Amino acid sequence: MMRAKKQRKVTVSNQKTREALNHANSYAWRANPGAYVGLMLLTILNGTSVYVSLSFTEYVVNAAHHLVIGNTSFHKTAITVVLYSLILLLFSGLAVVEKNLKNRLTLDVNHLFRRELNEKLSHIGWEYYESHETFSQIFEVRQHTNQAILEFVDSIFSYVAVVPAVVVFGYYLLQINLLVIPVYILLVVVFNLVLAGNMFSQLQEYWKNVQPYAQKENYYFEMSGDKVSHQEFRFLRLFDFATSRWEECFNSEFNIKLKIFRKHEITLQTARLLFNIPYILMMIVIGIEVMHGRHEIGFLIMANGLLNQIIDTCLQVQNNITRDHVNQRFFNTWVQVINYKEDPVDLPSADFTDVEFRNISYSYPQSRRKALDGLTLSLKKGQKIAVVGLNGSGKTTFTNILCNLVHEYSGSITDNSQSSFFHPCVSCVIQDFAQYQMTVRENIAAGNTAKDFSDAEIWSLLKQVGMDTFIESLPLGIQTPLGQLDSGIELSKGQWQRIAIARLLAKEDSDIWILDEPTAYLDPISEIKIYEMIYQLSGDRTVLFISHRLGFARRADNILLFQDGRVAESGSHKELLNINGQYARMYEAQKKWYA
């Protein structure tokens, strides 16, 4: 029963590996058809070099023997040796061309994979990053699948190269003894289907167990090198704290990998022993046949190389099979990621007035509580709305849904023009805004990639956020690289925030602006100026200000106080103070700090 179950498991794994090889083959073709065809032809052609090499070895030894006993002329022997050498030199040149083509195809496959992965991840919903299972799959794909595909492609061409080599091996083996071929076939079948089958099934389980530790180990290792966390890492003296956890994960990963490497090496050496036994016996048989005059001495020397090449070829095939069985796990994870549900296609913004949230409920994949619980509200066109509330009250989830990042919710969202509300009309500056390691111009233009901005338009946006004077003082102006990726300059948090707001302004056709803590890194005077600027530039847009600082809320047309995933209070600043509820208590508590 257990054996049958294990056999079924091996059979399923074999099928998945074949499917992965087929997909990798088509992947290589799509990456560069010309390089693929050229490499395939060269692989087959270079595979015949085995015959030339073995034949040359046999001829040289026999020729040397005949020269010693005087049965041939030196002139004839020299011409033949030169011809063989020229042919081998030609094959060496073809091998160089083959290597260059393989490098080109590798780069193209690498480019295609990364492009398709980035494109896919840019279209999937935020929920996939919230779920531990799918986030781990994404991590695994980013860490391993690219290399797995490259190794699959390498295996494909290795298997193709084996075909002409096997023909050559068969030709020479038939000259020894008809029993040689079935013996070697039996050894290959027994080794690859029995020993390798047992090994790769265990290796896959080991690799599966490695992933959680690898992910954690990578996280703790990156802590000291990450610019954002480096300051805390230093002043909190986190080295011993983080290192102890890193070493714990590293040791767990190390022990599992050690089992993998040990199992792999033991199996390979066992294989070498299995193949060396018939090799020794075969050399004895051939030696006896040479003594009886059935073959010349050159055949014995050639047979030594032949049998060694057979062993090496079988081990290479077995190694590729084992590696392919391990890699099919990573490839299958890639297939799962590719089949992730994508966000709905963005619809063009129509004439926008109001947005209605009706009984919206949502829970994050890793949470048992509802982030939103029956949320119902209305966003009126042109209103300036303050969204306030304690941490965990649902503010961010609400804006994620509004930005079309979250979809697996219940309830409905509509506007005046269509049954479903989509995000092309929404622009936002999130609290943890991106600091793109690009030029000033590129950082701002990223807010509206559909538009080709002139330099004057970029300068105008910089002026609106009060960054024009500083950028003008830089030698390269708006072409100045930001960050450390390209010998750029560093900005303060407040300056980065102004760049993020300029990026928001770059999308002129937005109907809704969302600003999550837009002045978190600004001083009080700059904060007032930024709010004044946003009010002036917003026009008839709907603007949502999300902040824990309530001073700005006095100017808002409407205030939404979130509590337990729904709007607990709504109204103007004056109205909510009169209610004397949660908002009034929060406002009075903050007011004391400035009294």
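Residues numbered from 1 in each chain as written. Predicted model: local features only at pLDDT ≥ 70, side-chain atom pairs only at ≥ 80, totals over all residues. Heavy atoms only, no water.

Caption draft 1: Focus on the overall build of the protein. On a plain count of helices and strands, the protein comes out with 18 helices and nine strands. Out of the 595 residues belonging to the protein, those deemed buried represent 45%. As presented, the protein carries roughly 31800 Å² of accessible surface, and 58% of it is formed by carbon and sulfur atoms. (Helix = DSSP H or I, 4+ residues; strand = E, 2+ residues; numbered from the N terminus. Buried < 20%, exposed > 50% of the residue type's maximum accessible area, 1.4 Å probe, protein only. Areas by Shrake-Rupley, 256 points an atom, 1.4 Å probe, with all protein chains shown as cover.)

Caption draft 2: Broad picture of the pattern of salt bridges. By the definition in use, this model includes 16 salt bridges. A salt bridge links R323 to E151; the shortest N-O distance between them is 4.0 Å. Taken together, the positions of R323 in helix α10 (residues 297-338) and E151 in helix α6 (residues 132-173) put the pair 172 residues apart, joining distant regions of the chain. (Salt bridge = Lys/Arg side-chain N within 4 Å of Asp/Glu carboxyl O.)

Caption draft 3: Representation of the packing of helix α2 (residues 33-47) against helix α4 (residues 74-121) within the structure. The contact between α2 and α4 brings their axes to 9 Å, and the two run at 145°. Both α2 and α4 take part in a crossing whose hand is left-handed. Note on element contacts: α4 touches α2 through F91, L94, A95, V97, E98, L101, K102 and L105, opposite A35, Y36, G38, L39, L42, T43, L45 and N46. Looking at the contact of α2 with α4 residue by residue, the classes come out as eleven nonpolar, three polar and two charged. (Axes fitted to C-alpha atoms, helices over the stretch in contact; angles between N-to-C directions. Left-handed = near helix turned anticlockwise from the far one by under 90°. Contact = heavy atoms within 4.5 Å. Nonpolar A, V, L, I, M, F, W, Y, C, P; charged D, E, K, R; others polar.)

Caption draft 4: Molecular detail of helix α15 (residues 493-505). Taking 1.5 Å of rise per residue, 13 residues should cover 18 Å, and α15 covers 19 Å from first to last C-alpha, within 8% of that figure. Within α15, twelve of the 13 residues are buried, which leaves the element mostly enclosed by the surrounding structure. For α15, every residue scored as buried is listed here: G494, Q495, W496, Q497, R498, I499, A500, I501, A502, R503, L504 and L505. Where α15 is buried, its residues meet β5 (426-429), α12 (440-445), α13 (455-464), α14 (468-472), β6 (512-516) and α16 (524-538). (Expected span 1.5 Å × (residues − 1).)

Caption draft 5: Broad picture of the sheet that holds strand β4 (residues 410-415). Within the open sheet, the three strands sit side by side as β2-β1-β4. Their pairing is antiparallel. Looking at strand neighbours, the two that pair on one side only are β2 (372-379) and β4, the edges of this open sheet. When the angles between neighbouring strand axes are averaged without regard to direction, this sheet yields 10°. In terms of strand pairing, strand β1 (residues 355-362) meets β4 through five bridges, oriented antiparallel. Of the residues in β4, the one forming a bridge with E356 is T414. (Pairing = 2+ DSSP bridges.)

Caption draft 6: Structural detail: the packing of aromatic side chains. Scanning the model with the defined rule gives 17 aromatic pairs in all. Arranged with centres 6.1 Å apart and planes meeting at 25°, the rings of Y51 and Y172 form a pair that is stacked. Highlighted residues: Y51 in helix α3 (residues 49-69) and Y172 in helix α6, separated in sequence by 121 residues. Look at Y172 and you get buried, because its relative accessible area is 3%. Clustering of aromatic rings is evident, with ring pairs tying together W29, Y36 and F157. Stacked on the ring of Y535, the Lys or Arg R555 has its end atom at 4.0 Å from the ring centre. (Phe/Tyr/Trp six-rings, centres within 6.5 Å; stacked < 30°, edge-to-face > 60°. Lys NZ or Arg CZ within 6 Å of the ring centre and 35° of its normal.)

Caption draft 7: Layout of the nonpolar core. One finds I444, L462, I534, F545, I559 and Y583 to be the most contacted residues of the largest nonpolar core, which totals 46 residues. It is α15 that provides the largest number of residues to this core, a total of seven residues. Residues contacting I559, with those up to four places away along its chain left out, are A386, V388, A553, E569, S570, G571, S572, H573, L576 and Y583. Counting residues in hydrophobic clusters, the runner-up holds 31 residues, among them L121, I138, V141 and I156. (Core = buried A, V, L, I, M, F, W, Y, C linked by side-chain atoms within 4.5 Å.)

Caption draft 8: Geometry of the sheet that holds strand β8 (residues 558-563). With mixed pairing, the six strands of this open sheet are ordered in space as β5-β6-β7-β3-β8-β9. This sheet does not close on itself; its edge strands, each paired only once, are β5 and β9 (566-571). The mean angle between the axes of side-by-side strands here comes to 20°, regardless of whether they run parallel or antiparallel. Bridge analysis of strand β3 (residues 384-389) against strand β7 (residues 542-546) gives four bridges, and the strand direction is parallel. Looking at the pairing, A386 lines up with F545 of β7. Packed on one face of the sheet, α15 meets β5 and β6 and runs near 175° to β5. Its contacts with the sheet put α16 on β3, β6 and β7, and the angle it makes with β7 is roughly 160°.

Caption draft 9: Representation of unusual backbone geometry in the model. Positive phi is not limited to glycine here, since N359 has a value of about 50°. Following the sequence through the fold, N359 ends up in strand β1.

Caption draft 10: Region of the structure containing the side chain of Q137. With respect to the helices, strands and loops of the structure, Q137 is situated in helix α6. For Q137, a relative accessible area of 12% translates into the label buried. In this structure the side chain of Q137 is engaged in a polar contact, spanning 2.4 Å, whose partner is the side chain of Y340. Excluding residues that lie within four positions of it along the chain, Q137 makes contacts with T333, Q336, V337 and Y340. (Polar contact = N/O pair within 3.5 Å; in protein donor to acceptor, adjacent residues only side chain to side chain.)

Caption draft 11: Up close: the environment of L476. Structurally, L476 can be placed in the loop between α14 and α15. Judged by relative accessible area, which is 53%, L476 ranks as exposed. In this structure, the C-alpha to C-alpha distance between L476 and V440, residues 36 residues apart in sequence, is 9.7 Å.

Caption draft 12: Local environment of α3. The first and last C-alpha atoms of α3 sit 30 Å apart over 21 residues, in line with the 30 Å expected at 1.5 Å per residue. All of the buried residues along α3 are V50, V52, L54, S55, F56, E58, N62 and A63. If you follow the buried residues of α3, they end up packed against α2, α4, α6 and α10. Downstream of α3 by one or two residues, G70 has phi in the positive range, about 80°.

Caption draft 13: Examining the packing of α15 against α16 more closely. At a minimum axis separation of 12 Å, α15 and α16 run at an interaxial angle of 5°. Here α15 lies roughly parallel to α16, going by the angle between them. Residues R498, I501 and L505 of α15 form the contact with α16, whose participating residues are S526, I530, M533 and L537. Across the contact of α15 with α16, the residue classes break down as five nonpolar, one polar and one charged. (Parallel < 35°, antiparallel > 145°, perpendicular 65-115°, else oblique.)

Caption draft 14: Representation of the pairing of β9. Pairing of β8 with β9, which is carried by five bridges, proceeds in the antiparallel orientation. Counterpart to L560 in the pairing with β9 is S570. Linking β8 back to β9 in an antiparallel pair, the connection comprises two residues, with D564 at a positive phi of about 55°.

Caption draft 15: Structural context of the environment of L21. As for its position among the elements, L21 is in helix α1 (residues 2-31). When its relative accessible area of 15% is taken as the criterion, L21 is described as buried. For the pair L21 and N327, spaced 306 residues apart in the sequence, the C-alpha separation amounts to 9.9 Å. Not counting the four nearest positions on each side in its chain, L21 is found in contact with F152, S155, I156, Y159 and D324.

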